[in-house]
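An overview of the molecular structure
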Amino acid sequence: MENYFYSLDILYHARGEFMYGYWGKILRVNLSTGKISIEEFEEEFVKKWLGTRGFAIHYLLKEMDPKIDAFSEENKLIFSTGALTGTVAPTGGRYMVITKSPLTGFIAMANSGGFFGAELKMAGWDMIIVEGKSEKPVYLRIEDEKVELRDATHVWGKRVSETEKILRKEFGDKHVQIASIGPAGENLVRFSAIMNNGHRAAARGGVGAVMGSKKLKAIVVRGHKRIEVIDRKKFISVMREKTEILKNDPVAGQGLPAYGTAILVNIINQNGLYPTMNFRYGQFKYAEEQSGEAMSKKYLKRNKPCYACPIGCGRVNEMDTIGETEGPEYESTWALGANLGINDLASIIEANHMCDDFGLDTISTGGTLATAMELYDRGFLKQEDLGDAPPFRWGNTEVLHYYIPRIARREGFGSILAEGGYRLAEKYGCLDCFMGVKKQELPAYDPRGAEGHGLGYATDNRGGDHIKAYLISPEILGYPFKMDPHDISDEKVKMLILFQDLTAVIDAAGMCVFTTFGLGGDDYRDLLNAAFGYNFTTEEWLKVGERIWNAERLFNLKAGLNPEKDDTLPKRLTDEPMPEGPNKGHVVRLKEMLPRYYALRGWNPDGTIPEEKIKELGLEEYL
Amino acid sequence: MSRVKFFATLRDITGVREINVEGVKNIKELLEILYSRYGERFRKEMERKNMILVNGRNVLDLQGYETKIEEEDEISIFPPVGGG
Ligand code: SF4
């Protein structure tokens, strides 16, 4: 069988000037022609963009028209490591996938942990740019310098666990790392994930569907190189100091390892912003039964950290029905539980397992099902539209077991759900039934109980999302200090901007955002400076974050973003007061915050970026 | 009567999920009662950082440890916690 399309066997040329932290090497893979080539970048590129999202946005703005269809041959799919990925920096194992999103039509940048990112860097590659489309299913096999595209017909259609098993065996090395899509990505489900290590997901924005549209089933990688930093001794001492801070921090060192992210279920519920039944209410009667406490007691087998992570929030749970599984995280527990009025923890864990194995984003899967339940409840969607399929009644666990595989395979009504909540709501004539921003389903915090976080949802470059500026930290959890969740002063808006820029730095550094429970701006500065030998100030690194944020905004504006229409929240959150609980009577006062956000960002009152800002950030070449 | 609910590791110390208290003036007084009832471990867990809610509202957004406790109030106490 012809399973060998193109191979690249190169020796590293000795570089005149050695680059620390990175190799300065990009792998470009054109799936239309089968051509694989190498490109290099210089240190100046690192100083300007740092890594992951930063690197990628440069290439997306340079090389493609942001208006193209996400599933077209012109879309590029970028896998990028960060500055500290593959080093011993705490949590330094992350990678990101950046592309144009088929869900939002704007930028998608999904981050994942596990071990894939570090392995890619150790193979000598900082980034992979995938372009074009293959005619038949392929996978990319990387063993250090040896890079090949191979036939993937035998794994096409297979779920993630099975795919990993087969490709690992084929490679003949159990240490190989695999990023792959499941049936969902193959079938262009608009909220498909790219999975690695079975349960780690680069999920949001439907990056898995772009991979599927290119017929790229997986990237399999094994690397044997050590990433050099400029002064190893110094770097290790800084690393030890920061690891110590994390270990001594009550959240990073105790709370997260003991209960995982699901510890938030009770916290957010008690604070009255746990979205219940598609954000109708802010408290769920049965939250205790699906809390981190309950999960640990009933199912927890052990913790599972990602690469170089001293925190180890990952959970391995065990159930009679499915055996060992990982997760669910807080977000997934909520999306497949309270947001659907579902209280059965066992079903939630099973559903989460299915989503991972089929390669679906759990938040958007839950959000789409919640939209269907709202449509059904309000009579827009009728049983005759579903035929024999289970009714979308609040709390009906059958919905999870029945629809999740059918969404992934695009079978029956599953094919309509596969388009996501926005398109579903539009089809059945009730756009207000969809709880999302920029066509992406919202995560697990009702912003009527954390208004700054609501501004974050409205302005997030990738649409409804919590992790690119987690204002829940100051507004609810009290990190780095407590802010009133209903304060909407300039201080709050500035805090959001700081979080957006700092998160871009942490992402680009290849570290996990959970380190912010412990580390602050100066700590990331220390780690980055120690790796590269720079003496950047914290402000200078934050400027890189600001540059990334603005460049992504520029991409979105070029893709057709209309700030008035798109920087917004569902009506329920701005116009319908929270009906009960601690936040009773509150809405998100978005209209009062948004103009100040634009002004404090240095943008025009209409949400576009003025020339001076473009110049200040060195973005002229992308106009 | 007010209800006091415990979460996460605090439950391992108290052995119960919730208790009722009566005639407690404010959070400060409540904490003193809890420290003497549940001992050093409880105090240690609470001292570095914590989250105390009165009817779902964080005392840090109210009057801190001086926040009054009324009859029928529900107080939720968490050790330092976070996630995302
Ligand atoms: S904190 Fe959790 S998600 Fe982050 S790197 Fe560690 S184990 Fe992975």
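Refer to the structure above for everything that follows.
The notes below deal with the structure included here. Per chain, residues are indexed from 1 in the order of the written sequence. Working convention: letters from A go to chains and numbers from 1 go to ligands, in the order in which they are written. A pLDDT threshold of at least 70 governs which residues receive local features in this predicted model, and a stricter bar of 80 or more applies before side-chain atom pairs are shown or counted, although totals over entire chains, interfaces and linings include all residues. As a rule here, side-chain values come from all non-hydrogen atoms in the structure, and water together with hydrogens is ignored.

1. Structural notes on the interface of chain B and chain A
In what follows, residue pairs with any heavy atoms lying within 4.5 Å of each other are defined as contacts. The interface is formed by 26 residues belonging to chain B together with 34 residues belonging to chain A. For salt bridges, the criterion is a side-chain nitrogen of Lys or Arg within 4 Å of an Asp or Glu carboxyl oxygen. For the pair chain B and chain A, the number of links is three salt bridges. In this structure, Lys482(A) engages Asp61(B) in a salt bridge whose closest nitrogen and oxygen atoms are separated by 2.7 Å. Secondary structure elements are taken from DSSP: a helix is a run of H or I of four residues or more, a strand is a run of E of two residues or more, and numbering for both begins at the N terminus. Put simply, the parts of the chain that give the side of chain B that touches chain A at least two residues each are helix H1 (9-14), strand S3 (51-54), strand S4 (57-58) and strand S5 (74-78) of chain B. In terms of residue class, the side of chain B that touches chain A is made up of eight nonpolar, eight polar and ten charged. Classification used: nonpolar for Ala, Val, Leu, Ile, Met, Phe, Trp, Tyr, Cys and Pro, charged for Asp, Glu, Lys and Arg, polar for all others including Gly.

2. Observations concerning the pattern of salt bridges
With the rule as written, the count across this model stands at 62 salt bridges over all chains. Between Glu186(A) and Lys217(A) there is a salt bridge, with the nearest N and O atoms lying 2.6 Å from each other. Taken together, the residues span a long stretch of sequence, with Glu186(A) in helix H5 (residues 183-186) and Lys217(A) in strand S13 (residues 216-222) at a distance of 31 residues. Classification of residues uses two cut-offs on accessible area relative to the type maximum, computed with a 1.4 Å probe and protein chains only: under 20% is buried, over 50% is exposed, and between them is partly exposed. What makes Lys217(A) buried here is its relative accessible area of 0%. We note a salt bridge from Glu288(A) to Arg11(B), for which the minimum N-O separation is 2.7 Å. On the criterion of chain membership, the pair formed by Glu288(A) in the loop between helix H9 (264-270) and helix H10 (292-299) and Arg11(B) in helix H1 is interchain, its members lying in two chains. For the pair shown, Glu288(A) and Arg11(B) are each scored as buried. One salt-bridge network, in which partners are shared between bridges, spans Glu241(A), Lys242(A), Asp522(A), Asp523(A), Arg525(A) and Asp526(A).

3. A closer look at the side chain of Glu350(A)
All names here are of chain A. Examined against the element boundaries, glutamate 350 turns out to sit in helix H12 (residues 345-358). It turns out glutamate 350 is buried and unbridged, and the closest side chain with the opposite charge, lysine 298, is 11 Å from it. The residues touching glutamate 350, leaving out its near neighbours within four places in the chain, are Met319, Thr321, Ile322 and His401. A positive count includes Lys and Arg, and a negative count includes Asp and Glu. His and the chain ends are not counted in either.

4. Remarks on the nonpolar core
Counting residues in each nonpolar core, the largest one holds 123 residues, and the members touching the most others are Leu84(A), Ile267(A), Ile268(A) and Leu477(A). Counting residues per element, this core draws most heavily on helix H20 (residues 490-509) of chain A, which supplies eleven residues. Discounting chain neighbours no more than four positions away, the residues touching Leu477(A) are Leu264(A), Ile267(A), Tyr470(A), Ile472(A), Phe517(A), Lys49(B), Met51(B), Val81(B), Gly82(B) and Gly83(B). Counting 37 residues, the second-largest nonpolar core is a separate cluster that includes Leu340(A), Leu375(A), Val399(A) and Ala418(A). Definition of nonpolar core: a set of buried residues of the types Ala, Val, Leu, Ile, Met, Phe, Trp, Tyr and Cys, connected through side-chain atoms within 4.5 Å.

5. Section: the side chain of Glu475(A)
Structurally, the position occupied by Glu475(A) is in helix H19 (residues 472-477). Apart from the residues within four sequence positions on either side, Glu475(A) is in contact with Ala450(A), Glu451(A), Gly452(A), His453(A), Lys482(A), Met483(A), Asp484(A), Pro485(A) and Lys492(A).

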